[in-house]
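Okay, here's what each chain looks like letter by letter:
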Amino acid sequence: MQDRIKLGANRTGIASSPMHSEAMLSGLDLQEGSPHPAIGAADLRASYRDEAEPVGSMPPPNTLRGVVGAVGESLKGRRMHILLDKLGERAAYERSGVRLYDAFLQRLSAAVDAALPGDMSIETVQAIRNDEVAHFTLLVEAIEKLGGDATVQTPCADMTAVAGMGLIQAMNEARATLAQSLQVLMTAELVDVASWELLISLATQLDQDELARRFAVALDHENMHLERVRGWLELALENDVALLAPDPDDA
Ligand SMILES: [Fe+2]
């Protein structure tokens, strides 16, 4: 694992070449004077949205048992589908969370000599990873209790899988520093906290108080994960700053 950022020939910024940036900005003026194309990108996207089918669907009520099966296609049944969809989403995200932590643990075990921030260790990271597994299992139980099929990829699960692809890619970036990897974990944990909060409020609204109570325990774990990961990231950055040897010219 890279331990910190390095200075190098990064020429992505506009200030690295004033001459070329001037030429590029003059191109903007030309563009402003030119007629707009017949179909702009926004119009094209709007036409796709008008014609598009929704992202996936929920299984029909006749395949469901449990609470949702009992209320069928009634208003209550349709409301319960919203909860089932979000439970499917959370299950997908928690499963991705396990993969994120597995990838992070691989990096840690390969970097035996690296100085780790605070109380971070294979064991403390593994404990968070195990919580994510337990949350996934809790969600599978909740989906089955309501009469759903936990193997279904629900529409919201599909959306969250697409959104999470960037996190998995970033975590598997071989050149990432410890702090950069922790930033990825912090992003995932922030979503975890907010999503369990939403799920608790949705379950309560649908009179699923027992589920809401169990979700509140998961939320406690997630708040702990966030606090830990954010603390480690803060310390990792402080270490990066402190490890840079003072330049005598700065004195
Ligand atoms: Fe978490």
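Residues numbered from 1 in each chain as written. Predicted model: local features only at pLDDT ≥ 70, side-chain atom pairs only at ≥ 80, totals over all residues. Heavy atoms only, no water.

Attention shifts here to the overall build of the chain. Within the chain, the regular secondary structure consists of 8 helices and 0 strands. The 251 residues of the chain split such that 35% are buried. In the chain, the proportion of contacts linking residues at least 24 apart, taken out of those at least 6 apart, comes to 79%. Accessible surface for the chain amounts to roughly 15700 Å². Of this, 57% is attributable to carbon and sulfur atoms. (Helix = DSSP H or I, 4+ residues; strand = E, 2+ residues; numbered from the N terminus. Buried < 20%, exposed > 50% of the residue type's maximum accessible area, 1.4 Å probe, protein only. Contact = heavy atoms within 4.5 Å. Areas by Shrake-Rupley, 256 points an atom, 1.4 Å probe, with all protein chains shown as cover.)

The geometry of helix H5 (residues 122-146) relative to helix H8 (residues 209-243) is characterised by a closest axis approach of 11 Å and an angle of 155° between their N-to-C directions. Considering the angle they form, H5 stands roughly antiparallel to H8. Here H5 runs over H8; the crossing is left-handed. Of H8, the residues touching H5 (which contributes Thr-124, Val-125, Ile-128, Asp-131, Glu-132, His-135, Leu-138, Glu-141, Ala-142, Lys-145 and Leu-146) are Leu-211, Arg-214, Phe-215, Ala-218, His-221, Glu-222, His-225, Arg-228, Val-229 and Trp-232. Partitioning the contact of H5 with H8 into residue classes produces 10 nonpolar, 4 polar and 7 charged. (Axes fitted to C-alpha atoms, helices over the stretch in contact; angles between N-to-C directions. Parallel < 35°, antiparallel > 145°, perpendicular 65-115°, else oblique. Left-handed = near helix turned anticlockwise from the far one by under 90°. Nonpolar A, V, L, I, M, F, W, Y, C, P; charged D, E, K, R; others polar.)

Our focus in this paragraph is the packing of helix H7 (residues 178-205) against H8. Where H7 contacts H8, the two axes come as close as 8 Å, and the packing angle between them is 160°. One finds that H7 runs roughly antiparallel with respect to H8. In terms of crossing hand, the pair formed by H7 and H8 is left-handed. Residue classes in the contact of H7 with H8 are distributed as 22 nonpolar, 4 polar and 7 charged.

On inspection of all chains with the given rule, the structure shows 8 salt bridges. When the shortest N-O distance is used, the salt bridge between Glu-89 and Lys-86 registers 3.0 Å. Of this pair, Glu-89 and Lys-86 are both found in helix H4 (residues 75-110), 3 residues apart, which corresponds to roughly one turn of the helix. Note on Lys-86: relative accessible area 25%, which makes it partly exposed. Within this structure, Arg-90, Glu-94 and Asp-192 form a network of salt bridges that share partners. (Salt bridge = Lys/Arg side-chain N within 4 Å of Asp/Glu carboxyl O.)

On to H5. Helix length check: H5, at 25 residues, gives a terminal C-alpha distance of 36 Å against a target of 36 Å (1.5 Å per residue), a fit within 8%. Every buried residue belonging to H5 is among Thr-124, Val-125, Ile-128, Arg-129, Glu-132, His-135, Leu-138, Leu-139, Val-140, Ala-142, Ile-143 and Leu-146, and all of these are buried. Taken from the residues just after H5, Gly-147 is the one with a positive phi, measuring 100°. (Expected span 1.5 Å × (residues − 1).)

As a further point, take the coordination of the iron ion. Reference values for coordination geometry: four tetrahedral donors around a metal ideally subtend 109.5 degrees, six octahedral donors ideally subtend 90 or 180 degrees. Within the protein, the atoms that donate to the iron ion are Glu-132 (OE), Glu-189 (OE), Glu-189 (OE), Asp-192 (OD), Glu-222 (OE) and His-225 (ND1), at distances of 2.0 to 2.8 Å. Coordination geometry of the iron ion: the 6 donor atoms subtend angles of 50 to 168° at the metal centre, consistent with an arrangement described as irregular. (Donors = N, O, S within 2.8 Å, 3.2 Å for Na, K, Ca; no water. Tetrahedral: all angles 85-135°; square planar, octahedral: opposite > 155°, others 65-115°.)

Per the stated rule, a full pass over the model turns up 1 cavity of 30 Å³ or more. What lines the largest cavity is a set of 11 residues, among which Met-58, Leu-84, Ile-143, Asp-149 and Thr-154 lie closest to the centre. In terms of residue class, the lining of the largest cavity is built from 7 nonpolar, 3 polar and 1 charged. (1 Å grid on protein atoms, 1.4 Å probe; cavity = no way out; pocket = protein on both sides within 12 Å on 5 of 7 lines; lining within 4 Å. Points joined across faces, edges and corners; volume = space filled by probe spheres on them.)

Residues shown with low pLDDT carry predicted positions that ought not to be read at fine detail. Residues with a pLDDT of 70 or more make up 86% of the chain, whose mean pLDDT is 87. Helix H3 (residues 66-71) is the least confidently modelled element of the chain, averaging 62 in pLDDT, while H7 averages 97, the highest of any element. (pLDDT = per-residue confidence, 0-100.)

Moving on, we get to the environment of His-225. As for its placement among the helices and strands, His-225 is situated in helix H8. A C-alpha to C-alpha distance of 8.6 Å links His-225 and Met-186, two positions 39 residues apart in sequence. Once residues within four sequence positions are removed from consideration, His-225 is found in contact with Ile-128, Asp-131, Glu-132, His-135 and Glu-189. In terms of polar contacts, His-225 uses its side chain to reach the side chain of Asp-131, at 2.8 Å. There is a polar contact of 3.0 Å between the side chain of His-225 and the side chain of Glu-222. (Polar contact = N/O pair within 3.5 Å; in protein donor to acceptor, adjacent residues only side chain to side chain.)

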